Amino acid sequence: MMGAGVLLARRNLGRDRVRLAASVGGIALALSLTLALDAIYAGVANQLTTYIERSGADVWVAQAGVRNLHMVASALPASVVDAVRAIDGVATITPILEATDTIAAGEERAVAYVIGLPAGAAAGGPWDIAEGSAQVGPGEIIVDRGFARTAGVALGGTVEVLGGQARIVGLSSGTASLVNTVAFVSFGDFRAMRGGAAVISFALVTVAPGASADGVAAAIERRVPGVTAQSRADFMAQERRIVTDMSADVIAIMSIVGFVVALAVVALTVYVATLARRRDYGVLKALGARNRVLYRVVLAQAAISVAAGLAVGLGFTASLSILVGWTDLDLQLAITASSVEKVAVFAAVIAGLAAILPIRQIGGVDPAIVFRRGAPA
Amino acid sequence: MTELTLDVRDISKRFGDGETGVLAVRDVSLAIEPGEIVLIMGPSGSGKTTLLSMMGALLRPTSGSIHLDGMPISMMSEDRLPDIRLRQIGFIFQDFNLLSALTTLENVSVVAELAGVKGRAARGRAQALLSDLGLGERLDFLPEKLSGGEKQRVAIARALVNDPPLILADEPTANLDSKIGHEIMRLLRAVAKQEGRSVVIVSHDERIRDIADRVLWLEDGALRDIVTMATDPVCGMAIERERAVSAARDGETWYFCSRGCRAEYLGGPTAEAVIEGPAGDRQAADRER
Ligand SMILES: Nc1ncnc2c1ncn2[C@@H]1O[C@H](COP(=O)(O)OP(=O)(O)OP(=O)(O)O)[C@@H](O)[C@H]1O
Ligand SMILES: [Mg+2]
C-alpha cells in the first residue's frame with residue numbers, strides 16, 4: 001500500500017514537470033533565503049572570532065566581568081602577569097593591549113582591533129603573514145593584506161593608528177572580516193600612546209602539556225583577584241553570542257518570510273495538482289482505495305517537492321558560499337549544521353501544512369462520480 | 001442450488017426529500033448467478049446508473065438489501081466498503097477512467113497493490129492479464145497514447161486484477177466504434193463464461209443483447225417487462241414492438257402504430273406475406289426506445 005501511494009505521488013509529479021520545476025524552484029529560493037542569511041551571520045561570527053581562535057592562547061585572562069572582545073574594554077594591572085605565571089599549568093603568558101579603533105591609509109578607513117604586541121609574543125600575533133615580518137617594533141604596524149590593497153599602500157607605507165602614524169612592516173591574511181580588521185602594533189607604542197600607564201588589556205595564556213584550559217582558567221580566577229579567565233572555547237562562544245543576539249531578530253523575520261513563501265508555493269502547487277486530478281482520486285476511491293492511501297499520495301507529493309526544494313536550496317546556498325569565497329569580498333557564508341537542521345524542520349512542517357487543504361479536498365470526493373460522465377471532474 | 005453472486009431485494013433509492021425528492025430506483029429485486037451476464041437497458045434517467053452504483057457499493061439504498069456473495073453490503077459500515085469494492089467487484093466505465101499519470105501496466109498493478117499484493121507480484125499479475133488481452137506491447141504506454149479499444153481492454157484488465165466474482169459495467173461500448181465495441185463484448189462474455197464471473201452491464205447498445213443471458217428493462221426506476229422499440233416506417237412514430245402490429249416484407253419484419261399505417265404500407269407493390277401481432281425477432285429497422 002505504501003508502494004501504491006508513493007508510486008502515484010511520483011507519477012503525478014513526474015507528469016507535470018513544469019509545475020514540479022516551478023514549485024521546487026520556489027521552495028528552494030524561499031528556503032535559501034533563510035539558509036543564506038544564517039550562513040552570512042555564521043560567517044560573520046566566524047570572522048569575528050577568528051582572532052581569538054587563531055591567537056594561540058588557550059586561556060584568556062581579562063578584567064573581571066569582561067567575557068568577550070568586541071565593543072568592550074578590559075584593563076588589568078600589569079602585575080597580574082606575574083601572578084598568573086606562578087599558577088600551575090601555565091606554560092606561557094603574553095600580555096596584550098587591545099582597543100577598537102579606526103585605522104586609516106590614503107582614503108581608506110577601517111574599524112580594527114588594534115593589538116599591542118610585545119616582542120617575541122608566544123600568543124596573540126598574526127598567524128598568517130603574506131608579506132614582510134611577523135614582528136612589530138617601535139613605529140611599525142602589521143595590517144591585513146586586503147586593507148592595504150584597497151588603501152593602495154604596501155610594505156613601507158604609512159598607516160594612521162591610535163592618533164599617531166606607523167610604518168607597515170608586514171601584511172597578514174585572514175585578519176579581515178565584513179565588520180572589522182586586525183592590526184598589530186608594538187606593545188611599547190600602544191602603551192605610550194595611551195599615556196604609559198602600567199596596564200594591560202588581556203593576558204594570553206598557553207597551558208602546559210597535560211593541563212586543561214578549563215582547569216587552568218578556574219585556577220586563575222581562584223588565585224588572582226579581579227580577573228575573569230576563560231578557555232578559548234568559552235571566550236569564542238561569548239563572542240559569537242554578540243552576533244547571534246544582534247542577528248536574532250533579522251534572522252527570525254527573514255525565516256518567517258521564507259517559511260511563508262515556501263509554504264505558499266508548496267500549498268498552492270500541491271492543491272492545484274490535486275484539484276487537477278480530482279477525478280483520478282474519485283476513480284481510485286471507487287476502485288477501493290482507502291482515504292488514507294490517497295492522503296499519503298498527497299503527503300508524499302508535498303514531501304517530495306519540499307525535499308527536492310530543500311536539496312536544491314542547500315546546493316544553491318553552498319554554491320553561493322563557494323562563489324563568495326572566490327571573490328575579494330570580506331564575506332564568508334558558513335552553512336552550519338544547526339541552520340540546516342532548522343530549515344529541514346521548517347521544510348517538514350511546510351510539507352505537512354501544505355497537504356492539509358488537498359487532503360480535505362480528497363476527503364470530500366464522492367467515489368460515485370466515476371459513473372457520472374462529463375461531470376466536472 | 002447455486003450460490004447467488006448478487007441478491008438484490010426490494011431496493012429503492014430516493015435522492016432528496018419531500019416535493020423536490022426523486023425516487024430514482026423503486027422496489028427493484030434481482031438475482032444474479034455466477035457466470036451470468038445480465039444487461040440492463042432503459043431510457044435516459046430511468047435509474048440504471050443509480051442501480052449499478054448501489055450494486056457496486058458506491059451508493060447505499062434508501063431501503064431494501066443487497067447481498068454480494070452472501071455478504072450484506074447494503075448494511076455494512078462505510079469503513080468496510082472500500083475493501084468490498086477492491087476485492088469483490090470489478091468496475092468498467094464508459095469513459096474508461098484510467099489514471100492518466102500511470103502507464104498501462106501501472107494502471108492495472110496499482111489496483112493489485114491497493115489490495116496488498118507486493119510490487120513485483122502485482123506487476124507480474126498485471127502483465128499476465130494485459131498480455132492475455134493483447135496489450136503485451138503497450139505496457140509502458142500512457143493512456144493518452146492508447147486507442148479507445150485498448151483503453152477499455154486496460155480497464156478490463158484492471159477490473160479483473162483482484163479476481164472479483166462480480167463485474168459491473170456502465171455503457172462499456174458507448175465510446176467505441178462498433179467493431180471495437182463488439183470485441184469488448186466478446187471479451188466480457190469470455191470473462192463471464194470461462195471464469196465464472198457474473199457480469200452486469202448497463203447499456204443503450206442493442207448489440208450487447210447478443211452476449212447477454214438476460215435483458216432487463218428499467219423504466220422510471222422500476223424493472224418492467226422487456227419492451228423493444230421500433231419506428232413505424234409510415235408515420236415515423238416510436239412504438240413498442242411487442243404491442244405493435246407488424247408485417248413482413250422483403251425478408252424483414254416491420255412494425256406499425258396502427259392497422260391504418262400497416263395497410264398504407266402494404267398498399268405498395270411487392271407484399272409477400274402478412275404476419276399480425278407481436279413478434280420477437282430482431283431486425284435492422286429496430287430502434288431502441
Ligand atoms: N446524486 C443524485 N442526486 C439527485 N438526483 C440524482 C442523483 N443521481 C441521479 N439522480 C436522479 O435519479 C434519476 C436516475 O438517474 P440515473 O443517472 O440513474 O439514470 P440513468 O438511467 O443512468 O440515465 P442515463 O441513461 O442518462 O445515464 C434521474 O432523475 C437523476 O436526475
Ligand atoms: Mg447512467
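Please read all numbers here as calculations on a predicted model, not as lab measurements. (Residues numbered from 1 in each chain as written. Chains lettered and ligands numbered in written order. Predicted model: local features only at pLDDT ≥ 70, side-chain atom pairs only at ≥ 80, totals over all residues. Heavy atoms only, no water.)

Enquirer: Describe the sheet that holds strand 9 (residues 214–219) of chain B, and please don't skip the residues or the numbers.
Expert: All names here are of chain B. Read across the sheet, 6 strands follow the order 6-7-8-3-9-10 without closing on themselves; strand pairing throughout is mixed. Only two strands of the sheet have a single partner each, and these edge strands are strand 6 (89–92) and strand 10 (222–224). Put simply, the sheet's adjacent strands are angled 25° from each other on average, direction ignored. In the sheet, strand 9 pairs with strand 10 via 3 bridges, with the strands oriented antiparallel. In the strand pairing of strand 10, Glu 219 is matched with Ala 222. Running at roughly 155° to strand 7 (residues 166–170), helix 1 (residues 48–55) makes contact with strand 3 (37–41), strand 6, strand 7, strand 8 (198–202) and strand 9 of the sheet. The sheet strands contacting helix 5 (residues 148–160) are strand 6 and strand 7, and the helix crosses strand 6 at an angle near 165°. (Pairing = 2+ DSSP bridges. Helix = DSSP H or I, 4+ residues; strand = E, 2+ residues; numbered from the N terminus. Axes fitted to C-alpha atoms, helices over the stretch in contact; angles between N-to-C directions. Contact = heavy atoms within 4.5 Å.)

Enquirer: Kindly report on unusual backbone geometry, identifying the contributing residues and their values.
Expert: Residues and elements named next belong to chain B. Here the phi dihedral of Asp 27 falls at roughly 50°; this positive angle occurs in a residue that is not glycine. We note that Glu 171 has phi near 50°; this positive angle belongs to a residue other than glycine. Inspection of the secondary structure assignment puts Glu 171 in the loop between strand 7 and helix 6 (178–195).

Enquirer: Could you give an account of a nonpolar patch on the surface, naming the residues involved and the relevant values?
Expert: All names here are of chain A. Judged by side-chain polarity, Leu 33, Ile 253, Val 257 and Val 261 come together as a nonpolar surface patch covering roughly 310 Å² of accessible area. It is helix 7 (residues 232–276) that contributes the most residues to the nonpolar patch, 3 residues altogether. Counting through the fold element by element, Val 261 comes out in helix 7. Given a relative accessible area of 40%, Val 261 falls into the partly exposed group. (Patch = residues over 30% accessible without salt bridge, like charges linked within 9 Å, V, L, I, M, F, W, Y side chains within 5 Å. Areas by Shrake-Rupley, 256 points an atom, 1.4 Å probe, with all protein chains shown as cover. Salt bridge = Lys/Arg side-chain N within 4 Å of Asp/Glu carboxyl O. Buried < 20%, exposed > 50% of the residue type's maximum accessible area, 1.4 Å probe, protein only.)

Enquirer: Explain the nonpolar core to me, and be specific about the residues and the numbers.
Expert: By size, the foremost hydrophobic cluster in this structure holds 115 residues, and its most contacted members are Ile40(B), Met55(B), Ile156(B) and Ile201(B). Ranked by residue count, the leading element in this core is helix 10 (residues 337–363) of chain A, at 9 residues. Residue contacts for Ile201(B): discarding those within four places in its chain leaves Ile37(B), Val38(B), Leu39(B), Ile40(B), Ala169(B), Pro172(B), Leu188(B), Ile208(B) and Ile211(B). Counting residues in each nonpolar core, the second largest holds 43 residues, with Leu76(A), Val81(A), Leu97(A) and Ala229(A) among its members. (Core = buried A, V, L, I, M, F, W, Y, C linked by side-chain atoms within 4.5 Å.)

Enquirer: Give a description of the domain arrangement of chain A that names residues and reports values.
Expert: All names here are of chain A. Domains assigned within chain A are domain 1 (2–49 + 242–370) and domain 2 (65–225). Computed over C-alpha atoms, the centres of domain 1 and domain 2 are 47 Å apart. Taken together, the contact between domain 1 and domain 2 spans 7 residues of the former and 9 residues of the latter. Taking both sides of the interface into account, the surface hidden between domain 1 and domain 2 amounts to around 700 Å²; carbon and sulfur atoms contribute 70%. Taken as a group, Leu 48, Ile 242 and Asp 330 account for 62% of the area that domain 1 buries against domain 2, more than any other trio of residues on that side. (Domains from an automatic or database assignment. Buried area = accessible area lost by both parts, 1.4 Å probe.)

Enquirer: Give a description of the interface of chain A and chain B that names residues and reports values.
Expert: Interface size is commonly expressed as the accessible area that is lost once the parts come together. Listed by partner, the interface residues are 26 residues for chain A and 30 residues for chain B. The contact between chain A and chain B buries some 2,600 Å² in all, and 61% of this surface belongs to carbon and sulfur atoms. Seen at the junction of chain A and chain B, the total is 3 salt bridges. Here chain A and chain B share 9 residue pairs in polar contact (both at pLDDT 80 or more) between them. When residues of the side of chain A that touches chain B are traced back to their parent elements, those giving at least two are helix 1 (2–14) and helix 8 (278–287) of chain A. It is helix 8 of chain A that contributes the most residues to the side of chain A that touches chain B, 7 residues altogether. (Polar contact = N/O pair within 3.5 Å; in protein donor to acceptor, adjacent residues only side chain to side chain.)

Enquirer: Summarise helix 4 (residues 119–132) of chain B; cite the residues concerned and give the values.
Expert: All names here are of chain B. Here helix 4 is 14 residues long and its end C-alpha atoms lie 20 Å apart, about the 20 Å a rise of 1.5 Å per residue gives. All of the buried residues in helix 4 are Ala 122, Ala 126, Leu 129 and Leu 130. Projected down its long axis, helix 4 carries its buried residues within an arc of 95°, all on one side. In this structure, helix 4 carries Arg 120 and Asp 132 as exposed residues pointing more than 90 degrees from its buried face. Lining the buried residues of helix 4 we find helix 3 (104–114) and helix 5. (Expected span 1.5 Å × (residues − 1). Arc of directions from axis to C-beta.)

Enquirer: Explain the site of ligand 1 to me, using residue names and the numbers behind them.
Expert: All names here are of chain B. The full set of residues close to ligand 1 is Phe 15, Val 22, Ala 24, Pro 43, Ser 44, Gly 45, Ser 46, Gly 47, Lys 48, Thr 49, Thr 50 and His 204. Measuring from an oxygen atom of ligand 1, one finds a backbone N or O atom of Ser 46 at 3.2 Å. Contacts to ligand 1 include Gly 47, whose backbone N or O atom sits 3.0 Å from an oxygen atom. Taking 630 Å² as the accessible area of ligand 1 by itself, protein coverage stands at 63%. Among the elements of the structure, strand 2 (22–32) and helix 1 are those that each provide at least two residues to the shell around ligand 1. Of the residues forming the shell around ligand 1, the biggest block, 3 residues, is contributed by helix 1. (Near = heavy atom within 4 Å.)

Enquirer: Now, about the packing of helix 8 of chain A against helix 9 (residues 291–326) of chain A: what can you tell me, with residues and values included?
Expert: Helix-helix packing is characterised by the crossing angle of the two axes and by the distance between the axes. Residue and element names in this part refer to chain A. Where helix 8 meets helix 9, the closest approach of the two axes is 9 Å, and the angle between their N-to-C directions is 145°. Considering how the two elements wind past one another, helix 8 and helix 9 form a crossing that is right-handed. Between helix 8 and helix 9, the contacting residues are Tyr 281, Leu 284 and Lys 285 on the first element and Asn 291, Leu 294, Val 297, Val 298 and Gln 301 on the second. Partitioned by chemical class, the residues of the contact of helix 8 with helix 9 number 5 nonpolar, 2 polar and 1 charged. (Left-handed = near helix turned anticlockwise from the far one by under 90°. Nonpolar A, V, L, I, M, F, W, Y, C, P; charged D, E, K, R; others polar.)

Enquirer: Just give me the short version of empty space enclosed by the protein, but keep the residues and values in it.
Expert: All names here are of chain A. This structure, assessed with the given rule, holds 3 cavities of 30 Å³ or more. Together, Asn 12, Leu 13, Asp 16, Arg 19, Leu 20, Ser 23, Thr 269, Val 270, Ala 273, Arg 277, Gln 301 and Ser 305 line the largest cavity. When contributions to the lining of the largest cavity are tallied by element, the ones reaching two or more residues are helix 1, helix 2 (17–54), helix 7 and helix 9. In terms of residue class, the lining of the largest cavity is made up of 4 nonpolar, 5 polar and 3 charged. (1 Å grid on protein atoms, 1.4 Å probe; cavity = no way out; pocket = protein on both sides within 12 Å on 5 of 7 lines; lining within 4 Å. Points joined across faces, edges and corners; volume = space filled by probe spheres on them.)

Enquirer: I'd like a description of the layout of surface pockets, backed by residues and values.
Expert: Residues and elements named next belong to chain A. Its boundaries defined by the atoms lining it, the largest pocket holds a volume of some 870 Å³. As for the largest pocket, its lining consists of 39 residues, and the residues nearest its centre are Asp 144, Ala 176, Ser 177, Leu 329 and Asp 330. When residues of the lining of the largest pocket are traced back to their parent elements, those giving at least two are helix 2, strand 4 (108–117), helix 4 (145–151), strand 9 (181–186), helix 7 and helix 9. Residue composition of the lining of the largest pocket, grouped by class: 15 nonpolar, 15 polar and 9 charged. Viewed by domain, the lining of the largest pocket spans two of them, domain 1 (2–49 + 242–370) and domain 2 (65–225), each represented by three or more residues.

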